[in-house]
Amino acid sequence: MTVKYIESCKLPTPFGIFDMHGFEDGESDKEHVVLTMGDFDGEEPVLARVHSECLTGDGLFSLRCDCGAQLQAALHKIAQQGRGAIFYLRQEGRGIGLLNKIRAYHLQDAGADTVEANEALGFGADLRRYDMLKPMMAHFGIQSLRIMTNNPRKIEALREIGIDVTERLPHETGRNPHNAKYLETKKGKLGHMLDSE
Ligand SMILES: [Zn+2]
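What counts and what doesn't
- All residue numbers here refer to positions counted from 1 along the written sequence of the relevant chain.
- Under the rules for a predicted model, residues below a pLDDT of 70 receive no local features and side-chain atom pairs below 80 are neither given nor counted, while totals for whole chains, interfaces and linings still include all residues.
- Side-chain measures were taken over the full set of non-hydrogen atoms in the model, leaving aside hydrogen atoms and water.
- UniProt positions are given in the numbering used here, feature names are shortened, and annotations may be inferred rather than shown by experiment.
- A run of H or I in DSSP becomes a helix once it reaches four residues, and a run of E becomes a strand once it reaches two; helices and strands are each numbered from the N terminus.
- The length a helix should cover is 1.5 Å for every residue beyond the first.
- Here the term buried applies to any residue with accessible area under 20% of the maximum for its type, exposed to any over 50%, and partly exposed to those in between, with areas from a 1.4 Å probe on protein chains only.
- For this quantity, the arc is that covered by the directions from the helix axis to the C-beta atoms.
- Contacts were defined at the residue level, with two residues in contact if any of their heavy atoms lie within 4.5 Å.

Per an unreviewed UniProt entry, the recorded name for the protein is GTP cyclohydrolase-2, and the organism is Halioxenophilus aromaticivorans. Checking UniProt for the protein, the heading Sequence similarities (unreviewed entry) contains the comment "Belongs to the GTP cyclohydrolase II family."

Pasting the structure below:
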């Protein structure tokens, strides 16, 4: 596996002080980070979020999706419990990259949904990969996860590569009038487990 640990530092946030760990992914040439709190000794499953980068939602306050709210809720929950990890994977736009995401948003402005837009650009609905997580988890000695997600495909993908997911914690937050259609598509076409309408 071509994932290399580089270095760690403190990362104070409004939610608490995390440790940030940097990794180099030789396969995709991406730089991933993991935010952790607490220690992972012992066999108790680790509260975790596997979060794929969304510059617009995480960093630019976009209401087109629910990523920023989900990231904040995960940071908050981990800080409350004092133990957990956020695997922040640099695969923007479900893996199509930032500029293609802008192209996809442009098509969505004209009425396409998120899956139709990706497909119109010649991409699959979801190109994210998770295999880099195995060596990253091994670095921390993490054996199993209690994962905060609404995405059953993510859990399936993690299990397929041999990651032990002991529990799914529903992670629904950040619904607003601008992302209602997006969330409906996630539910209808991508099988996300979303309750509130
Ligand atoms: Zn997003």
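Let's pick the thread back up.
Taking 1.5 Å as the rise per residue, helix α2 (residues 67-81) with 15 residues should run 21 Å; its terminal C-alpha atoms sit 21 Å apart, in good agreement. When we look at burial in α2, the residues that qualify are C67, G68, Q70, L71, A74, L75, I78 and A79. An end-on view of α2 places all buried positions within 165° of arc, on one side of the element. One or two residues past the end of α2 sits G82, with phi positive at roughly 75°.

A separate point is helix α3 (residues 98-109). Relative to the 16 Å expected for 12 residues at 1.5 Å per residue, α3 spans 16 Å between its end C-alpha atoms, a close match to the ideal helical length. Buried within α3 are the following residues: N100, K101, A104, Y105 and Q108. Within α3, the buried residues cover an arc of 145° as seen down the axis, which keeps them to one side. Along α3, the residues that are exposed and aim more than 90 degrees away from the buried face are L99, H106 and D109. In this structure, the buried residues of α3 make contact with α1 (55-59) and α4 (114-120). The first or second residue beyond α3 is G111, which carries a positive phi of 120°.

What UniProt calls "domain: GTP cyclohydrolase II" (unreviewed entry) maps, in this numbering, to residues 7-170. The span residues 7-170 shows a helical share of 34% and a strand share of 30%, and its end C-alpha atoms are spaced 32 Å apart.

Looking now at unusual backbone geometry. The phi angle at D29 is positive, at roughly 65°, despite the residue not being glycine. With respect to the helices, strands and loops of the structure, D29 is situated in the loop between β2 (16-25) and β3 (30-37). One non-glycine residue, R94, adopts positive backbone phi at about 55°. For R94, the position within the fold is in the loop between β5 (84-89) and α3. On the basis of relative accessibility, which here comes to 11%, the residue R94 falls in the buried class.

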